[in-house]
Amino acid sequence: MKLSLLLVGAFLLLYVLPLGVRPLVIPDETRYAEIPREMLASGDWVVPHLNGLRYFEKPPLGYWLNAASMWLFGENAFAVRLPSAIAVGLTALLLFLWVRRSTGENATPWLAAVVFLLSFEVMAVGVFCVLDSALSLFVTATIVALDLAWQQRTPRTRMILLVLAGVACGLAFLTKGFLALAVPIVVIVPFALWQGRLTPCLRMAWVPLIAAFLIALPWGILIYRREPDFWRYFFWVEHVERFTSPRGGQHPAPFWFYIPILIGGAMPWTPLIGSIVQGLRHTKWSSTVRLAICWVVFPFLLFSASSGKLGTYILPCFPPLAFLVAVGTLGCLRKDD
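Residues numbered from 1 in each chain as written. Predicted model: local features only at pLDDT ≥ 70, side-chain atom pairs only at ≥ 80, totals over all residues. Heavy atoms only, no water.

Asker: Before we go on, may I ask you to explain the overall build of the chain in this structure?
Answerer: Counting its regular elements, the chain contains 16 helices and two strands. Its C-alpha atoms give the chain a radius of gyration of 20 Å, near enough to 20 Å, the size a compact globule of 337 residues would have. In terms of its C-alpha atoms, the chain occupies a principal-axis envelope of roughly 65 × 50 × 40 Å. Counting the 337 residues in the chain, one finds 50% classified as buried. Here the chain has roughly 16,000 Å² of accessible surface; of this, 70% comes from carbon and sulfur atoms. Looking at charge distribution, the chain has the averaged site of its 26 positive side-chain charges lying 11 Å from that of its 17 negative ones. (Helix = DSSP H or I, 4+ residues; strand = E, 2+ residues; numbered from the N terminus. Rg over C-alpha atoms; globule rule 2.2 N^0.38 Å. Buried < 20%, exposed > 50% of the residue type's maximum accessible area, 1.4 Å probe, protein only. Areas by Shrake-Rupley, 256 points an atom, 1.4 Å probe, with all protein chains shown as cover. Lys, Arg positive; Asp, Glu negative; His and termini not counted. Charge placed at Lys NZ, Arg CZ, Asp CG, Glu CD.)

Put into structure tokens, the structure is as follows:
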């Protein structure tokens with residue numbers, strides 16, 4: 001109980017209290033504030049608009065969350081940033097529950113949650129109004145639910161978890177598009193190959209895929225009926241060209257761009273890398289550790305291969321990275337004992 005109160009207090013101090021103390025940053029925060037403000041003013045919750053013009057870069061869920069916060073707390077910086085902070089808190093809680101369920105240990109879940117909440121990148125993104133924290137939450141929920149379904153032997157419980165994974169994936173899609181599918185796929189497929197269970201994994205895949213499709217379908221139909229060109233622009237320009245074309249994609253950067261971002265974003269834990277690696281070497285690599293390795297490595301490579309890069313894009317790598325830091329640190333300490 002004391003640890004829970006301490007962690008909640010630290011979250012409120014670091015993530016919630018600072019939200020309203022500084023003005024919104026141009027252009028990202030003002031953009032993600034103005035679009036939901038216009039939704040509230042116009043009553044149009046289907047087609048996002050920025051300064052009265054159609055805005056096709058992102059699906060609507062992030063705007064809906066910001067609009068709900070603004071409706072509750074007013075049109076101010078605190079309300080605009082609150083959904084990002086809540087997303088970080090829920091991701092930490094989900095990480096804690098997953099690690100406790102998967103490892104059966106007491107210390108590792110707490111340390112993983114602390115490492116995650118205190119990582120520089122998580123803190124920096126979590127107190128700004130951008131969509132990456134919400135995306136990271138839903139992607140984390142997708143992969144965690146898939147892993148828990150993998151561990152289940154009861155068919156009914158496994159089916160429920162697979163449906164929940166699909167719901168989370170659908171919400172991730174409504175937040176930032178097709179990355180919601182790409183990130184879990186590049187994690188789960190290598191993990192299943194490593195575990196020698198690719199075939200049963202593929203047999204289960206239809207359940208979360210259908211659930212995700214059904215979550216995204218209503219808005220997908222509505223936007224198509226209102227704006228028939230949306231899906232062509234959103235898929236081709238915002239995904240294919242941004243990923244493949246140095247000229248068509250936004251924010252071009254070299255392949256190694258995310259290496260210093262990861263090193264800096266993992267502070268203050270980066271100086272412990274030697275001890276963490278040593279601890280991991282002396283720790284039995286359970287299926288959870290293997291999943292976390294795939295979860296860090298392959299999305300990192302996916303984002304690195306993209307022509308368009310921003311430092312916030314690799315945020316989904318930080319929940320499993322926090323788990324590995326916790327496992328490595330405790331493994332090193334136990335080895336010394």
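Asker: Whenever I open this one, the packing of aromatic side chains confuses me. Can you help?
Answerer: For the structure on display, the rule yields 21 aromatic pairs. With 5.3 Å between their ring centres and 85 degrees between their planes, Trp219 and Phe230 make a pair best called edge-to-face. Of the two residues, Trp219 is situated in helix α11 (residues 206-226) and Phe230 in helix α12 (residues 230-244); the sequence distance between them amounts to 11 residues. Residue Trp219 is classed as buried on the basis of its relative accessible area of 4%. (Phe/Tyr/Trp six-rings, centres within 6.5 Å; stacked < 30°, edge-to-face > 60°.)

Asker: Explanation requested: the state of the cysteines in the structure shown.
Answerer: One covalent bond between the sulfur atoms of two cysteine residues makes up a disulfide. Here the structure, examined in full by the defined rule, presents zero disulfides. Between Cys169, a cysteine without a disulfide, and Cys201, which holds the nearest cysteine sulfur, the sulfur-to-sulfur distance is 13 Å. A relative accessible area of 8% places Cys169 in the buried class. (Disulfide = S-S within 2.5 Å.)

Asker: Quick question: what am I supposed to make of the pattern of salt bridges here?
Answerer: Tallying each qualifying case throughout the model produces eight salt bridges. The salt bridge involving Glu29 is made with Arg81; its shortest N-O contact spans 2.7 Å. Here the residue Glu29 occupies a position in helix α2 (residues 28-42), and Arg81 occupies one in helix α4 (residues 77-103), the gap between them amounting to 52 residues. Neither residue differs from the other here; Glu29 and Arg81 are each classed as buried. (Salt bridge = Lys/Arg side-chain N within 4 Å of Asp/Glu carboxyl O.)

Asker: Would you mind going over unusual backbone geometry with me for this structure?
Answerer: Comment: phi is negative for the bulk of residues other than glycine, and the bulk of peptide bonds are trans. Residue Ile26 is joined to Pro27 through a cis peptide bond whose omega torsion reads 5 degrees. For Pro27, the position within the fold is in the loop between α1 (2-16) and α2. Cis geometry is adopted by the peptide bond preceding Pro268, which originates at Met267 and carries an omega value of 10 degrees. A positive phi angle, close to 55 degrees, is found at Asn51, a residue other than glycine.

Asker: What is the right way to look at the packing of helix α3 (residues 61-73) against α4 in this model?
Answerer: The description of two helices packed together rests on the angle between their axes and the distance between the axes. For the pair α3 and α4, interaxial distance at closest approach is 8 Å and the crossing angle is 135 degrees. As judged from the angle between their axes, α3 and α4 are oblique. Regarding α3 and α4, the two cross each other, and that crossing is right-handed. For the pair α3 and α4, contact is made by Leu65, Asn66, Ser69, Met70 and Phe73 and by Phe78, Ala79, Val80, Leu82 and Pro83, respectively. Class assignment for the residues of the contact of α3 with α4 results in eight nonpolar, two polar and no charged. (Axes fitted to C-alpha atoms, helices over the stretch in contact; angles between N-to-C directions. Parallel < 35°, antiparallel > 145°, perpendicular 65-115°, else oblique. Left-handed = near helix turned anticlockwise from the far one by under 90°. Contact = heavy atoms within 4.5 Å. Nonpolar A, V, L, I, M, F, W, Y, C, P; charged D, E, K, R; others polar.)

Asker: How should the nonpolar core be read in this particular structure?
Answerer: For soluble globular proteins, the rule of thumb is that nonpolar side chains tend to be buried together. Residues Trp98, Phe116, Phe318 and Phe323 are the most contacted members of the largest nonpolar core, which totals 98 residues. At 12 residues, helix α7 (residues 132-151) tops the list of elements feeding residues into this core. Other than its neighbours up to four places away in sequence, Phe116 contacts Tyr15, Val88, Thr91, Ala92, Leu95, Val122, Phe318, Pro319 and Ala322. (Core = buried A, V, L, I, M, F, W, Y, C linked by side-chain atoms within 4.5 Å.)

Asker: Teacher, can you tell me more about α11 here?
Answerer: Note on helix geometry: an α-helix contains 3.6 residues per turn, so any two residues three or four positions apart are oriented the same way. If you check α11, its first and last C-alpha atoms are 30 Å apart, about what 21 residues at 1.5 Å a residue would give, namely 30 Å. Where α11 bends most, the angle comes to about 40 degrees, and this point is Leu217, followed within four residues by the proline Pro218. When we look at burial in α11, the residues that qualify are Val207, Pro208, Ala211, Ala212, Ala216, Trp219, Gly220 and Ile223. Where the residues of α11 are buried, they touch α3, α7, α8 (155-176), α10 (198-204) and α12. (Expected span 1.5 Å × (residues − 1). Bend = angle between axes of the 7 residues up to and from the residue.)

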